[in-house]
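Inside the fold
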Amino acid sequence: MRSYRELFRTPEFTPFFLSASAQTVSQTMGGLALGTLVYRATESPLLSAVSMFGSSLVQVLGATFLLSAADRLPPRAALTTLPLLFATATAALALPGLPVWGIFAIVLAKGLVESVGGGVRWGLLNEILSKDGYLLGRSVFNMMNGLMQITGYATGGALVALLSPRTSLLVAAALYVLGAMVVRLGLTRRPPRATGRPSVAATWRANALLWSSAPRRQVYLALWIPNGLVVGCESLYVSYAPDSAGTLFACAALGMLTGDVLVGRLLPPRLRPRLGFPLLLLLAVPYVPFLLRPPLPLAAAAVTLASVGFGASLVQQERLMALTPDTLAGQALGLDSAGRLTMQGVAAALAGSVAQLTSPASAMTAMATGSVAVTLLLMTAARRAERAPAKVPERLS
């Protein structure tokens, strides 16, 4: 599969794509509104950052106890039910008088449910598309994420400025419902990819198998840690520039879109594997000078350039699929999603804590420096392992 036209002619891809688009707009609108709501109430960079990315903190619990459901639930039923649950949670966050502890309780519960959703979604994409079409399809989804995040942050920023954060949350809840309807009407029923009931034991066995391969471990770490630390920088946009956070988020989404087009469509396949680590360095380096508090135009340019580096995830996900048997595709991608989101939540909390003690600008520089250091360590480890490729088991017994 070599073209976007061929991709969208694939049965079920278009409704799957449209549903995910609606949910991406919902997430970005809701996140910006919630972060603004909490910051106005508390004036705390830490609480604002955690409110936006705190749901990611519990992803590790889902990956540990629930992730076997990603391959054992009927995909259409799961992808219809989950957005309805997200809509309910997002509408609840808009309730007047809801205390901060209540906000965080809802955010964390939502994150636990989201930990299963990523595995179901990307496992189904792996079914809808052929093996040679997965990277192109995933790149289109990443490009869509960039465009929809720009849309969501721009729309959410306007609603927050002209009306209120609570209005933006209610609009986000309605979009979740729309996404659920598109899935229900546009996808056909499919059986689960794996047999048996979801269980903690099945989750642990499959995770242990996925983690047993050294090449897969390195891919997971490259997907999770450098990316997560840079998202810690992003979690401080609201406290760094309270009146211009929407602009910075939109610029980050534009950069991510550019990186995904570059990696998914323009680069020849022979070059992609060589660019994973350089892109991770690009992801972090432009944030290092934020200690000097650049004016908004320079900050926006730096954010846009840095976010091109998010294209590294496509390179790493392609390698992950090459290293994983088909029967574990959903759980492998779910583990990736849960691990990345968990790291993003941890990094947001860490960045918020550093900002609370110093300043948002200092914390952004610290997180970016840490991301560069981790990337250099992973590069060294990958070069040492090149001469000893590991064998991947074909199935889980």
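Presented here is a report on the structure given in the accompanying data block.

1. Looking at the nonpolar core
Side chains of nonpolar character tend, in soluble globular proteins, to be buried together. Within the largest apolar cluster, 84 residues are counted, with the highest numbers of intra-cluster contacts made by F13, F141, Y237 and Y287. By residue number, the principal contributor to this core is helix α10 (residues 214–234), which donates nine residues. Those residues within four positions of F141 in sequence are excluded, and the remaining contacts are F13, F16, F17, A20, W122 and L125. L34, L93, I103 and L169 belong to the second largest nonpolar core, which has 10 residues in total.

2. What to know about unusual backbone geometry
The phi angle at E12 is positive, at roughly 75°, despite the residue not being glycine. In this structure E12 comes out as buried when scored by relative accessible area, which is 15%. Positive phi is not limited to glycine here, since R293 has a value of about 50°. Relative to the helices and strands, R293 resides in the loop between α13 (276–284) and α14 (296–307). The partly exposed category is assigned to R293, whose relative accessible area is 47%.

3. Observations regarding α10
Between its first and last C-alpha, α10 extends 30 Å over 21 residues, near the 30 Å set by a 1.5 Å rise per residue. With 16 of 21 residues buried, α10 is to be regarded as a mostly interior element.

4. A short note on the packing of α13 against helix α15 (residues 312–322)
Put simply, α13 and α15 touch, their axes get as near as 8 Å, and they point 145° apart. Of the two elements, α13 crosses α15, and the hand of that crossing is left-handed. Note on element contacts: α15 touches α13 through A312, V315 and Q316, opposite G276, L279 and L280. Within the contact of α13 with α15, the residues separate by chemical class into four nonpolar, two polar and no charged.

5. Thoughts on the side chain of T365
In this fold, T365 is placed in helix α17 (residues 360–385). Once residues within four sequence positions are removed from consideration, T365 is found in contact with Y287, V288, P289, F290 and L291.

6. A few points about the side chain of T375
Note that T375 resides in helix α17. Owing to a relative accessible area of 0%, T375 belongs among the buried residues under this scheme. At 2.9 Å, the side chain of T375 and the backbone oxygen of S371 are in polar contact. Setting aside chain neighbours within four positions, we find T375 in contact with P226, F277, L280 and L281.

7. Observations concerning the packing of aromatic side chains
Counted according to the given criterion, the structure contains six aromatic pairs. Between the aromatic rings of Y240 and F290, the centroid separation amounts to 5.5 Å while the plane-to-plane angle is 50°, which identifies the pairing as tilted. One end of the pair, Y240, is in helix α11 (residues 237–240); the other, F290, is in the loop between α13 and α14, and 50 residues separate them in sequence. Each member of the pair Y240 and F290 is classed as buried. Counting every residue linked through ring pairs, the aromatic cluster contains Y240, Y287 and F290. The residue whose ring lies beneath K110 is F86, and the NZ or CZ to ring-centre distance is 5.2 Å.

8. Structural notes on a nonpolar patch on the surface
A grouping of L84, V177 and M181 is seen on the molecular surface, where their side chains present a nonpolar patch of about 240 Å² in accessible area. Tracing the sequence through the fold places M181 in helix α8 (residues 165–186). A residue is classified by how much of its surface remains accessible, and M181, at 47% relative accessible area, is partly exposed.

9. Some details on the packing of helix α12 (residues 245–266) against α14
The contact between α12 and α14 brings their axes to 6 Å, and the two run at 30°. In terms of crossing hand, the pair formed by α12 and α14 is right-handed. Across the interface between the two elements, L248, C251, A252, L254, G255 and M256 from α12 touch L296, A299, A300, V303, T304 and S307 from α14.

Conventions we followed
Residues numbered from 1 in each chain as written. Predicted model: local features only at pLDDT ≥ 70, side-chain atom pairs only at ≥ 80, totals over all residues. Heavy atoms only, no water. Core = buried A, V, L, I, M, F, W, Y, C linked by side-chain atoms within 4.5 Å. Buried < 20%, exposed > 50% of the residue type's maximum accessible area, 1.4 Å probe, protein only. Helix = DSSP H or I, 4+ residues; strand = E, 2+ residues; numbered from the N terminus. Contact = heavy atoms within 4.5 Å. Expected span 1.5 Å × (residues − 1). Axes fitted to C-alpha atoms, helices over the stretch in contact; angles between N-to-C directions. Left-handed = near helix turned anticlockwise from the far one by under 90°. Nonpolar A, V, L, I, M, F, W, Y, C, P; charged D, E, K, R; others polar. Polar contact = N/O pair within 3.5 Å; in protein donor to acceptor, adjacent residues only side chain to side chain. Phe/Tyr/Trp six-rings, centres within 6.5 Å; stacked < 30°, edge-to-face > 60°. Lys NZ or Arg CZ within 6 Å of the ring centre and 35° of its normal. Patch = residues over 30% accessible without salt bridge, like charges linked within 9 Å, V, L, I, M, F, W, Y side chains within 5 Å. Areas by Shrake-Rupley, 256 points an atom, 1.4 Å probe, with all protein chains shown as cover. Salt bridge = Lys/Arg side-chain N within 4 Å of Asp/Glu carboxyl O.

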